[in-house]
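# Topology and contacts: notes
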Amino acid sequence: MIDILKTRLVKGVVTKRIAASKTAVYEPAGAQLKALIAEKFGRSLNIREVDTGSCAACESEIIACNNPIYDLSRFGVNFVASPRHADCLLVTGPVSKNMAQALRSTYDAMPEPKFVITLGDCAFDGGPFKGSYYIENGAKSIVPVALHIPGCPPDPETIINSLLNFLRI
Amino acid sequence: MDLREMLVQLKQDHNVSALAVDEPHRDETYIWVDNRDFRATVAFVQKKLRAPLSMMFCQDRRAAGGGFAVLCSFLCAPLKKWLFVCASISEEAPRFDSLSSVVYSAGLFEREIREMFGIEPCGNSDARGLRLHEENWPAGFFPLRKDFTPPSAAAAPGNHYGFTRVEGEGVFEVPVGPVHAGVIGPGHFRFSSAGEPVINLEIRLGFTHRGAEKLFEGRHSDAVNLAECVAGDSAVGHALAFCHAMEKIYKAEVPLRAVYIRAICLELERMYNHAGDIGGIALDVGFTFPSAFCALIKEKIQALNRDLFGHRFLKGVVCCAGVAKDLDDKRIRLLKSLLEDISRDFAELKRILHASASFIDRVDTTGVLKRKTVEDLGVSGVAARASGLNTDLRKIFNGIYEIARFRVCAESAGDTHARLHVRIAEFEESVRLITEFIHNMPSGSVRNEAISPGAGVALGYAEGWRGPVLYWIAARNDGSIDRCKVVDPSFLNWQGLAYCVLGEIIPDFPVCNKSFDLSYSGSDL
Ligand code: SF4
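This write-up is about the structure you can find in this document.

### Examining the packing of aromatic side chains
- Tallied over the full model, the rule gives 31 aromatic pairs over all chains.
- Ring centres 6.2 Å apart and planes at 35 degrees place the aromatic pair Phe41(A) and Phe115(A) in the tilted group. With a gap of 74 residues between them, Phe41(A) in helix α2 (residues 14-41) and Phe115(A) in strand β4 (residues 115-119) connect regions that are remote in the sequence.
- Note on Phe41(A): relative accessible area 28%, which makes it partly exposed.
- Centroid distance Tyr161(B) to Phe163(B): 4.9 Å. Interplanar angle 75 degrees. Geometry classified as edge-to-face. Each member of the pair, Tyr161(B) as well as Phe163(B), is classed as buried.
- Among the aromatic residues, those joined into a cluster by ring pairs are Tyr133(A), Tyr134(A), Trp137(B), Phe141(B) and Phe148(B).
- Of note, Lys114(A) hangs over the ring of Tyr107(A), and the distance from its end group to the ring centre comes to 4.2 Å.

Shown next as structure tokens:
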């Protein structure tokens, strides 16, 4: 406990200290995003993520969005545990045959209004797995997709910038 | 015992003579026996070597008139060799005697063979699907057969998977997944409990099956980009194992400088993942501060990955016969200074974790996996080393690791605490190794351009951060891939996880799970 307090006092707020180099681009984008979310969604944008067969790198970057450096949640973007609480469904992976039904059910469980974002090349058209016997070549054939965030995987900055550009429309 | 002695004894004890013994590479020996002798030979070899079965798979050789073949391999550490026991299988009678009653870990491989090739492991009573879920895939379509055509109709309605049922008064089931509450891969976990303790945990996987092995077929060494996507958090391990196999087949030398750069990447990958896992273990018992701290360390390493090699997961670095990106002096200086910075942070993290008695108490004796279970299940990598098995491919096939005086990090308790310790020790060892590598790295080219594709078979391997990643590849005359078998350590280690939670309470599952941190996609392929 003493160690923790000591560290806390010595280090100060870690996010600020380390994010310094990124602030120039990232922070203004985040502030804009926050304003847009406040305007369009009231307070926050709630996202439910579904992995339909990703290689886990896309998940890792989504998680990184919430690490103390990017800390996406301070701009009003939350990742929620239930589709019932979600405005947006974030899909990764090429949609394996075993996940098609789960994806459909998750989408159906969300209340209206709702929209879908695909993240990573796999979710767009199967990416490196395109044409395989066991995938649906992306999420488009199962659910309507409003935005795609390209990359293999897209990094946290790309993710927030894509969200920002999308909400600007 | 050397190989010749073993063959003599096999003849004496079991009256089995090898039909052929091949040694296509210094570290690979193939013993071919008659299909009828396959089971006895495998049992004999396993008993002699006391090594776990590391992979088992089939190959469709009908185009060359050879029916099918079944191969299984053992790591023989003292001889620094992989030993394969193989048998032909005729097209008319596609079957062989199941090994699962003599080698437990063969069971899962056999189910895989059955659904992918339609070859029957006679005596394996578990007829359930593994990756091609019976709800979604009609019977009678075997993707890894060469004459496979995808089914045009869906599976018959009403098919379902038979979970193991635990019966008795007060027994209840808690099904979880495939879609979980967090941002995490899909899998189905079914706990059977009575009161608090878990009586049985059944893990059903295959949700991320994408047909990766089939996609390798027909491609050349450029398929390394596909290998990197089999398990994206282990991209370097998979790329290395894939390229290793291709290089052995093409007889391509890898320049020494590239060997060093590859090893640096492999250790960076280990570091960012171990950092993430240590944080995950802390988070799953509600200790959030160190977990945030770990996220910072992980982020620092991944940002460093990008500054050094242009990709946060180090995809696109490893290529056949070398690496695609060299490290200049400026980058090496950056690497050195950040390593110091990162190890300072890590030392602080360690202090924080160890200063919390309640945290240590929480992970201590939680989720124990006994050494015997590890051996029976064929568990490998970090999870095996935490239970006292000190197998590490970096030690056995040492090369530059020996020059850097690599030490295997092992513990014996087999609990979450031990797995945490192995990760901490490996993280620190990786920092030290990279420092050594930078110091020992010669100058020169990083890629051998003169590769000549050709036919052959080879096993490629690398000790990824989870454990040994294995790629067995057979190539045709033009160098294209005819068969690629991938084994990520997760495949067998999931079983270890299912065992270690027995007797624990369900709320302990997340922390046990994180202490293994297995790959869904690497296991499902
Ligand atoms: S897009 Fe790339 S990183 Fe994302 S899941 Fe697919 S292969 Fe993995």
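The rest of the description comes next.
### Concerning the pattern of salt bridges
All names here are of chain B.
- Inspection of every chain in the model, using the stated rule, returns 54 salt bridges over all chains.
- A salt bridge links Arg111 to Asp126, with the shortest nitrogen-to-oxygen separation between them at 3.1 Å. In this pair, Arg111 is assigned in helix α3 (residues 106-117) and Asp126 in the loop between β7 (120-122) and β8 (171-176), connecting sequence segments 15 residues apart.
- In this structure Asp126 comes out as partly exposed when scored by relative accessible area, which is 22%.

### Looking at the sheet that holds strand β2 (residues 77-79) of chain A
All names here are of chain A.
- Strands sit in the order β2-β1-β3-β4-β5 across an open sheet of five strands; the sheet is parallel. Only two strands of the sheet have a single partner each, and these edge strands are β2 and β5 (147-149). Here the average twist between neighbouring strands, direction ignored, is 30 degrees.
- Packing against the sheet, helix α3 (residues 57-64) makes contact with β1 (45-51), β2, β3 (88-92) and β4, and its axis sits at approximately 140 degrees to β3.
- Across the sheet, helix α4 (residues 97-109) touches β1, β3 and β4, and the angle it forms with β1 is around 165 degrees.

### Here's the deal with the sheet that holds strand β3 (residues 53-60) of chain B
Residue and element names in this part refer to chain B.
- A sheet is described by the order of its strands in space; here five strands give the open sequence β1-β2-β5-β4-β3, paired in mixed fashion. The open sheet has two edge strands, β1 (20-25) and β3, and neither has a second partner. Ignoring which end each strand starts from, the neighbouring axes of this sheet average 20 degrees apart.
- Alignment of strand β4 (residues 68-76) against strand β5 (residues 81-89), held across nine bridges, turns out to be antiparallel. Within β5, the position partnered with Phe68 by the bridge is Ile89.

### Here's the deal with the interface of chain B and chain A
- Between chain B and chain A, the contact holds 52 residues from the first and 48 residues from the second.
- Of the roughly 3800 Å² buried between chain B and chain A on both sides combined, carbon and sulfur atoms contribute 64%.
- It is Val183(B), Arg210(B) and Leu296(B) that lose the most area in chain B upon contact with chain A, and together they represent 18% of the buried surface on that side.
- At the surface where chain B touches chain A, the tally comes to two salt bridges.
- Going through the elements one at a time, α4 (212-216), α8 (288-309) and α9 (329-355) of chain B are the ones with two or more residues in the side of chain B that touches chain A.

### Things to note about the packing of helix α1 (residues 3-14) of chain B against helix α2 (residues 38-49) of chain B
All names here are of chain B.
- Axis separation between α1 and α2 bottoms out at 11 Å; the angle between their running directions is 125 degrees. With respect to α2, the axis of α1 lies oblique. Between α1 and α2 lies a crossing whose hand is right-handed. Between α1 and α2, the residues in contact are Met6, Gln9, Leu10, Asp13 and His14 and Thr41, Phe44, Val45, Lys48 and Leu49, respectively.
- When its residues are assigned to classes, the contact of α1 with α2 shows five nonpolar, three polar and two charged.

### Description of the environment of His238(B)
- On the secondary structure map, His238(B) appears in helix α6 (residues 235-250).
- Leave out the neighbours within four places in its chain, and His238(B) touches Ala227(B), Val230(B), Ala231(B), Val469(B), Tyr471(B), Val486(B) and Asp488(B).

### Structural notes on empty space enclosed by the protein
- A complete count under the given rule lists seven cavities of 30 Å³ or more for this structure.
- A volume near 80 Å³ is recorded for the largest cavity.
- Contributing to the lining of the largest cavity are 13 residues, with Cys55(A), Cys58(A), Cys122(A), Cys152(A) and Lys315(B) lying nearest its centre.
- For the lining of the largest cavity, the secondary-structure elements that each account for two or more residues are α3 and α5 (121-125) of chain A.

### Brief notes about the pairing of strand β9 (residues 188-194) of chain B
Residue and element names in this part refer to chain B.
- Counting buried residues along β9, six of its seven residues qualify, which places the element largely inside the surrounding structure.
- Taken together, the six bridges between β8 and β9 define a ladder with antiparallel strand orientation. Bridging across to β9, Val174 finds its partner in Phe191.
- By the bridge criterion, six bridges tie β9 to strand β10 (residues 198-204) in an arrangement that is antiparallel. Residue pairing for β10: Ser193 is matched across the bridge by Val198.
- Connecting β9 to the antiparallel partner β10 that follows it, the hairpin turn spans three residues, and Gly195 within it adopts a positive phi of roughly 70 degrees.

### Remarks on a nonpolar patch on the surface
Residues and elements named next belong to chain A.
- Taken together, the side chains of Met1, Ile2 and Leu5 present a nonpolar region at the surface, about 370 Å² in accessible area.
- Note that Ile2 resides in helix α1 (residues 2-11).
- For Ile2, a relative accessible area of 65% puts it in the exposed group.

### A closer look at the nonpolar core
- In terms of nonpolar packing, the biggest core is built from 122 residues, with Leu33(A), Phe216(B), Phe242(B), Leu268(B) and Tyr471(B) touching the most fellow members.
- For this core, the leading source of residues is helix α7 (residues 256-284) of chain B, giving 14 residues.
- Filtering out sequence-adjacent residues up to four positions away, Leu33(A) remains in contact with Leu72(A), Phe75(A), Val77(A), Ile160(A), Leu163(A), Leu164(A) and Leu167(A).
- If you look at the next biggest cluster of nonpolar residues, it comprises 58 residues, including Ile31(B), Leu71(B), Cys72(B) and Leu130(B).

### Observations regarding the site of the ligand
- Neighbouring residues of the ligand: 13 residues in total, closest Cys55(A), Cys58(A), Asp121(A), Cys122(A) and Cys152(A).
- Mapping the residues near the ligand onto chains gives chains A and B.
- A majority-of-atoms criterion places the ligand in the largest cavity.
- Going through the elements one at a time, α3 and α5 of chain A are the ones with two or more residues in the shell around the ligand.
- Its residues assigned to classes, the shell around the ligand shows eight nonpolar, three polar and two charged.

### Let's talk about unusual backbone geometry
- A cis amide bond links Glu112(A) with the next residue in sequence, Pro113(A), at an omega value of -10 degrees.
- Of note, Pro113(A) is situated in the loop between α4 and β4.
- Of note in this structure, Thr365(B) is not a glycine but carries a positive phi near 60 degrees.
- By the element assignment, Thr365(B) lies in the loop between α10 (357-363) and α11 (371-377).
- Note on Thr365(B): relative accessible area 54%, which makes it exposed.
- Notably, Leu525(B) is not glycine yet its phi reads approximately 60 degrees, a positive angle.
- Structurally, Leu525(B) is set in the segment after α18 (520-524).
- Residue classification places Leu525(B) among the buried residues on the basis of a relative accessible area of 2%.

Parameters and conventions
Residues numbered from 1 in each chain as written. Chains lettered and ligands numbered in written order. Predicted model: local features only at pLDDT ≥ 70, side-chain atom pairs only at ≥ 80, totals over all residues. Heavy atoms only, no water. Phe/Tyr/Trp six-rings, centres within 6.5 Å; stacked < 30°, edge-to-face > 60°. Helix = DSSP H or I, 4+ residues; strand = E, 2+ residues; numbered from the N terminus. Buried < 20%, exposed > 50% of the residue type's maximum accessible area, 1.4 Å probe, protein only. Lys NZ or Arg CZ within 6 Å of the ring centre and 35° of its normal. Salt bridge = Lys/Arg side-chain N within 4 Å of Asp/Glu carboxyl O. Pairing = 2+ DSSP bridges. Axes fitted to C-alpha atoms, helices over the stretch in contact; angles between N-to-C directions. Contact = heavy atoms within 4.5 Å. Buried area = accessible area lost by both parts, 1.4 Å probe. Parallel < 35°, antiparallel > 145°, perpendicular 65-115°, else oblique. Left-handed = near helix turned anticlockwise from the far one by under 90°. Nonpolar A, V, L, I, M, F, W, Y, C, P; charged D, E, K, R; others polar. 1 Å grid on protein atoms, 1.4 Å probe; cavity = no way out; pocket = protein on both sides within 12 Å on 5 of 7 lines; lining within 4 Å. Points joined across faces, edges and corners; volume = space filled by probe spheres on them. Patch = residues over 30% accessible without salt bridge, like charges linked within 9 Å, V, L, I, M, F, W, Y side chains within 5 Å. Areas by Shrake-Rupley, 256 points an atom, 1.4 Å probe, with all protein chains shown as cover. Core = buried A, V, L, I, M, F, W, Y, C linked by side-chain atoms within 4.5 Å. Near = heavy atom within 4 Å. Sits in = over half its atoms within 2 Å of the grid points.

These figures capture arrangement, not role.
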